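Chains, contacts and geometry: an overview
Here is what each chain is made of, one letter per residue.
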Amino acid sequence: MTATGTTAQDTEIQALLSSLAGQRRHVLGALDGLDPAALRRPVLPSGWSCLGLVQHLALDVERFWFRAVLTGDPAVIEDLDRIDDAWQLAPGTSDAEVLDRYRAESALADAAVTASDPDAPLAWWPHELFGEPHLHTLRDVLLHVITETACHAGHLDAARELIDGRRWLVLT
C-alpha cells in the first residue's frame with residue numbers, strides 16, 4: 001500500500017477502467033451526428049445496425065459481464081432469458097433510450113467494479129453458454145470487456161465510413 005492508501009492492484013484496476021472508458025467514448029463518438037435513419041440502417045447482410053450494436057454492448061457486454069458474471073445480481077441473471085437478441089431493436093425503442101441505456105449500464109458496471117474485491121472469484125458463470133470458466137477474476141472480465149468494446153468500436157468505425165464517409169480517428 002502506498003502513502004495515499006492505494007495499492008498497485010487498485011491502480012491497475014483504475015487504469016483498466018480508464019482504458020474501458022476510452023473505448024466507450026469511441027463507441028459513442030463514432031455515432032455522433034448520425035441521424036435516426038442512419039443509426040438504424042442495416043449495415044451488413046446479417047442486418048445489424050449501429051444502434052443495435054450499442055444495445056448489444058449495453059445488455060450483452062456491460063450488463064452481462066459486470067452485473068451478472070462479476071456481481072451475480074439475481075435480477076439481472078433472471079432477466080437474461082428474456083433477452084432473445086440484443087442486436088435487434090424492439091419496435092418503438094427510441095435512439096435516446098438505447099444510447100441512455102448504454103451510458104447507464106456503463107455507469108452501473110463502473111460501480112460494480114469499484115465495489116468489487118479484485119481478488120474475489122466471479123460470482124456467477126454461465127456454464128451452459130461457455131462451458132468451464134475461462135475468466136476467473138475482475139481483471140479477466142475487464143480485459144475481456146475492453147477487447148470486446150474495442151472490437152465493436154472498430155465495427156462502428158467501418159459502418160460509419162460506409163454510411164457517410166466520416167472517420168472517427170485517422171492517424172497519418
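Our subject in this report is the structure included herewith.

Analysis parameters
- What you see as residue numbers is a count from 1 along each chain, following the sequence as written.
- This being a predicted model, a pLDDT of at least 70 is required before a residue's local features are given, and a value of 80 or more before pairs of side-chain atoms are given or counted; all residues contribute to the totals for chains, interfaces and linings.
- Only hydrogens and water are removed before side-chain values are computed, so all heavy atoms of the structure are retained for them.
- Strands are runs of DSSP state E lasting at least 2 residues, helices are runs of H or I lasting at least 4, and numbering of each runs from the N terminus.
- To get the radius of gyration, use the C-alpha atoms; to get the globule rule, take the number of residues to the power 0.38 and multiply by 2.2 Å.
- Note on exposure labels: buried denotes an accessible area under 20% of the residue type's maximum, exposed denotes more than 50%, and partly exposed covers the range between, all computed with a 1.4 Å probe on protein chains only.
- Residues are treated as being in contact if the distance between any of their heavy atoms lies within 4.5 Å.
- Throughout, the Shrake-Rupley method with a 1.4 Å probe supplies accessible areas, and for residues the shown protein chains are the sole cover considered.
- Contacts described as polar in this section are N or O atom pairs within 3.5 Å, which, within protein, must combine one atom able to donate a hydrogen with one able to accept it, while residues neighboring in sequence count only if both atoms come from side chains.
- Throughout this description, the term salt bridge denotes a Lys or Arg side-chain nitrogen within 4 Å of a carboxyl oxygen of Asp or Glu.
- Axis lines are fitted to C-alpha atoms, over the contacting stretch for helices. Their N-to-C directions set the angle, which ranges from 0 to 180 degrees.
- Throughout this description, any angle smaller than 35 degrees is read as roughly parallel, any larger than 145 degrees as roughly antiparallel, any in the 65 to 115 degree range as roughly perpendicular, and the remainder as oblique.
- Each crossing is labelled by how the near helix is turned from the far one, with a counterclockwise turn of less than a right angle marking it left-handed and a clockwise turn marking it right-handed.
- Side-chain classes are defined by residue name, with Ala, Val, Leu, Ile, Met, Phe, Trp, Tyr, Cys and Pro counting as nonpolar, Asp, Glu, Lys and Arg as charged, and the others, Gly among them, as polar.

Our focus in this paragraph is the overall build of the chain. Within the chain, the regular secondary structure consists of seven helices and zero strands. Secondary structure elements in the chain, listed N-terminal to C-terminal, are α-α-α-α-α-α-α. A compact globule built from 172 residues should have a C-alpha radius of gyration of about 16 Å, and the chain, at 17 Å, falls within 12% of that. Expressed along its principal axes, the backbone C-alpha trace of the chain runs to roughly 50 × 45 × 25 Å. Burial status across the chain gives 40% buried among its 172 residues. A fraction of 79% describes how many contacts in the chain between residues 6 or more apart in sequence connect residues 24 or more apart. For the chain, the accessible surface area stands at approximately 9,100 Å², while carbon and sulfur atoms represent 56% of it.

With respect to the helices and strands, the residue aspartate 95 is situated in helix α5 (residues 95-115). You can call aspartate 95 buried: its relative accessible area is 14%. Polar side-chain contacts of aspartate 95 include one of 3.0 Å to the side chain of arginine 40. The residues contacting aspartate 95, other than those within four sequence positions of it, are Pro36, Leu39, Arg40 and Leu51.

Once that is clear, we can look at the pattern of salt bridges. Taken as a whole and assessed by the stated rule, the structure comprises 11 salt bridges. Of the charged contacts, one joins arginine 139 and glutamate 12 as a salt bridge, the two residues approaching to 2.7 Å between their closest N and O atoms. Taken as a pair, arginine 139 in helix α7 (residues 138-164) and glutamate 12 in helix α1 (residues 8-31) lie far apart in primary sequence, 127 residues in all. Of the residues examined, arginine 139 reaches a relative accessible area of 30% and is grouped as partly exposed. Overall, the relative accessible area of 29% leaves glutamate 12 in the partly exposed class. Residues joined in a network through salt bridges with shared partners are Arg63, Arg67, Asp79, Arg82 and Glu105.

Our focus in this paragraph is the packing of helix α3 (residues 50-70) against α5. Where α3 contacts α5, the axes come no closer than 9 Å and their chain directions differ by 25 degrees. The pairing of α3 with α5 is recorded here as roughly parallel in orientation. The two elements α3 and α5 cross, and the hand of that crossing is left-handed. Between α3, through Leu51, Val54, Gln55, Leu57, Ala58, Leu59, Glu62, Arg63, Phe66, Arg67 and Leu70, and α5, the contact on the second element is made entirely by Asp95, Val98, Leu99, Arg101, Tyr102, Glu105, Ser106, Leu108, Ala109, Ala112 and Val113. The residue inventory of the contact of α3 with α5, partitioned by class, reads 14 nonpolar, two polar and six charged.

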